[in-house]
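Commentary on secondary and tertiary structure
What follows is each chain in one-letter form.
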Amino acid sequence: MSSVARFTESVEEGRRVLRFQGDLTLSRLGPLPTRLDRLKGRDFLIDISGVGRMDTIGAWIVHRTARDRGGEIVGAGEGAATLLRQVEKADLPVKVRPDPPAPFERVLTQLGEATIEAGRTFVGLLGFFGAMLLSIGYVIRQPRRFRLNAVVQRFEVVGVHAFGIIGLMSFLVGIVIAQQGAVQLRQFGAEVFTVNLIGRSSIKELGVLMTAIMVAGRSGSSFAAQLGSMKLAEEVDAMRTIGVSPMEALVLPRVFATVLMMPLLGFYAAIVAIVGGAVFCWVSLEIPPVTFVQRIREVVPATDLWQLLIKAPVFGLIISLAGCFQGMQVKSDAEEVGLRTTTAVVQAIFLVIVLDAFFAVFFTEIGWL
Amino acid sequence: MSGSDDIVIEVKGLRNSFGDAVIHDGLDLEVKRGEIIGVVGGSGTGKSVMMRSIIGLQRPDGGEVRVFGEPMLDRDDAQLQGVRKRWGILFQGAALFSTLTVAENVQVPLREFYPRLSERLLDEIAAYKIVMVGLAPDAGPKYPAELSGGMRKRAGIARALALDPELLFLDEPTAGLDPIGAAAFDQLIVDLRERLGLTVFLITHDLDTLYTICDRVAVLADRKVIAVGTIPELLALDHEWIQEYFRGPRGRAAEEAMEAEAEARTAETNGGTEA
């Protein structure tokens, strides 16, 4: 019964006749539309009396042929006639694609939009920071409004849950520094200075920097995604109308927890990296742990630790601010949540590295070599 | 097979549970070709879960589901493609792809199943489908985020209808629409059924929809379909929930509206014959 749609062309009584046969349905269409496009000539008599089943797409093709080639449709059964009327009624000039802008114009537009966006982000971030400071002010005046439970919960998510991955990462980084350092220093017969390398670089730079990157990836992104989805679900609006400040309820606990957890995580990362280095030194360079620890105490000045403890909270502030800020910027749809999350992480890591460079210069200037 | 040809959806002994909570147990349902069947039930009775089991998004614990006579359970994707070509689904939130325009959304099933269609024909099909579901002609290049709730549902229907399906699943199509929009939507579904000979599986809480467009109503309660029938048939049953559902203040209002409309229609035809 069911057969592929096809058509034949003939001349009868001086008129060109187009005869459709088979099932004019989407699944049976096959190459019919292409063949129809190749057909030349106008003013056909379109006979569809031989058509089996027909759907709207079949009807559309018949209608289109009649419309474009100025033909006349004959032999339509009741069902087919209804379908043809329906598609004819639906034949309005519909825009399907957005108008493409000129290429040159598009580049300029994108450049301009990116510039404006960068400016807006900077101003917005500054404004967000200000709003946060204000709400810290409120909370200090009314300490009851401080949400201890939320903060403690964030401690767990940002800090405790990150222990495993940060520990593993730092341990491996410690081993890598020790191994690479040892290979280079061996050329000068200065293998023993591997200990200096591990101790100073871990505590001063790597511990806190690697931690910041990990926290930005783990927590900064999750802040942005959480707040973004909450904004989409109108939870943030609901909070505002109930009289709960989203700044106090959502942003402050996250910022507070990150600022507090970063020094702890950074210190922990530095220590684990040193342990990793120590293990390598013990196994490969035959420096026993006791000697290793003694050397570390001799070569690492207390100022290195101060540097870590000063930098870490600042990095935490940047990461959590970027995450929360981007999350709160979400307006339209789920795709934006993803984009904002990416932006939050990129922004956080970028700012952390830029600031780290500033810190390095600053600490050198004040004599904390 | 000719006997089962008239049954489009057949569910037998369906069992669904989430952990300890048993949602369905021994649920049976048959949907006939060409009918609009409404599924009602209190919140949490598993209306959506039932639909998801039928369309293969939820793996039931047990039972049998057949669509167009084809068993749906324990089949791989390739075997189900043939069935998927023949149905269209409108999800509760329309579930339009947010990165695609309305026209592109409509074209997705066409491109997936019929990659040989020319761009021009695809654009034309998208265009007339958009008009058919009652969207404005300039809606084509818009993104879902730019549409209102009602327009989004219409766009969702346009996508569901892209392949000219025989079976349409609608999950609460009129929820969140204003009464005028909802009535227009009901009309649209009836129109489409008449035009295209669709079978419609409709989950709804909208009593007006039930009264105006549904041929039969299936009532979900106590983990199974407790009754299927026309509304008068259901009203004749002595079940507390059914009585409360249809006889409550909202149910009565919908019934009265329906009766008034029917009366007006008979008066009109009588007047016509007298004159």
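The structure this text deals with has already been given above.
Being a predicted model, the structure only gives us computed values, none of them experimental.

1. Observations regarding the overall build of chain A
- A tally of regular secondary structure across chain A gives 12 helices and four strands.
- Against the 2.2 N^0.38 benchmark of 21 Å for 369 residues, chain A shows a C-alpha radius of gyration of 35 Å, more extended than a compact globule.
- For chain A, the spread of C-alpha atoms along the principal axes amounts to about 110 × 60 × 45 Å.
- The buried share among the 369 residues of chain A stands at 37%.
- Considering only residue pairs separated by 6 or more positions, chain A has 81% of its internal contacts joining residues 24 or more positions apart.

2. Things to note about the interface of chain A and chain B
- Taken together, the 26 residues of chain A in the interface contact 25 residues of chain B.
- Contributions of two or more residues to the side of chain A that touches chain B are made by helix H1 (32-38), helix H2 (56-69), helix H3 (78-89) and helix H12 (334-365) of chain A.
- Looking at side-chain class alone, the side of chain A that touches chain B contains 13 nonpolar, six polar and seven charged residues.

3. Examining the pairing of strand E10 (residues 224-229) of chain B
Residue and element names in this part refer to chain B.
- Bridge analysis of strand E9 (residues 216-221) against E10 gives five bridges, and the strand direction is antiparallel. Opposite Val217, over in E10, you have Gly229 as the bridge partner.
- Connecting E9 to the antiparallel partner E10 that follows it, the hairpin turn spans two residues, and Asp222 within it adopts a positive phi of roughly 50°.

4. Section: the sheet that holds strand E4 (residues 62-67) of chain B
Residue and element names in this part refer to chain B.
- Read from one edge of the open sheet, four strands run E2-E1-E4-E5, paired in antiparallel fashion. Each edge of the open sheet carries a strand with a single partner, namely strand E2 (21-32) and strand E5 (70-71).
- Pairing of strand E1 (residues 7-18) with E4, which is carried by five bridges, proceeds in the antiparallel orientation. Its bridge partner being in E4, Val11 is matched across the sheet by Val65.
- Where helix H1 (residues 47-55) meets the sheet, it contacts E1, E2 and E4, and its direction lies at approximately 120° from that of E1.

5. Things to note about the nonpolar core
- Counting 103 residues, the largest nonpolar core has Ile130(B), Ala158(B), Phe169(B) and Leu202(B) as the members making the most contacts within it.
- With eight residues, helix H4 (residues 119-132) of chain B is the single largest residue contributor to this core.
- Excluding residues within four positions of it along the chain, Ile130(B) makes contact with Val94(A), Val102(B), Ala103(B), Val106(B), Leu135(B), Ala139(B), Gly140(B) and Ala158(B).

Rules used throughout
Within each chain, residues carry numbers counting from 1 in the order of the written sequence. Key to labels: chains lettered from A, ligands numbered from 1, both in the order written. Per-residue local features of the predicted model are confined to residues with pLDDT of at least 70, and side-chain atom pairs are confined, for both listing and counting, to 80 or more; whole-chain, interface and lining totals are unaffected and use all residues. Each helix is a run of H or I in the DSSP string that is no shorter than four residues. Each strand is a run of E no shorter than two, and both are numbered from the N terminus. Radius of gyration: over C-alpha atoms. The globule rule applied is 2.2 Å multiplied by the number of residues raised to the 0.38 power. Think of it as a crowd count around each C-beta: if 20 or more other C-beta atoms lie within 10 Å the residue is buried, if 12 or fewer it is exposed, and in between it is partly exposed, with C-beta placed from the backbone throughout. Two residues qualify as a contact pair if the distance between their C-beta atoms, derived from the backbone, is within 7 Å. Charged residues are taken to be Asp, Glu, Lys and Arg, nonpolar residues to be Ala, Val, Leu, Ile, Met, Phe, Trp, Tyr, Cys and Pro, and polar residues to be all remaining types, Gly included. At least two bridges found by DSSP between two strands are what make those strands a pair. All axes are obtained by fitting lines to C-alpha atoms, using only the stretch in contact for helices, and the reported angles, taken between N-to-C directions, cover 0 to 180 degrees. To define a nonpolar core, we join buried Ala, Val, Leu, Ile, Met, Phe, Trp, Tyr and Cys residues through C-beta atoms within 7 Å and take the resulting set.

Everything listed here is a matter of geometry and, on its own, says nothing about what the molecule does.
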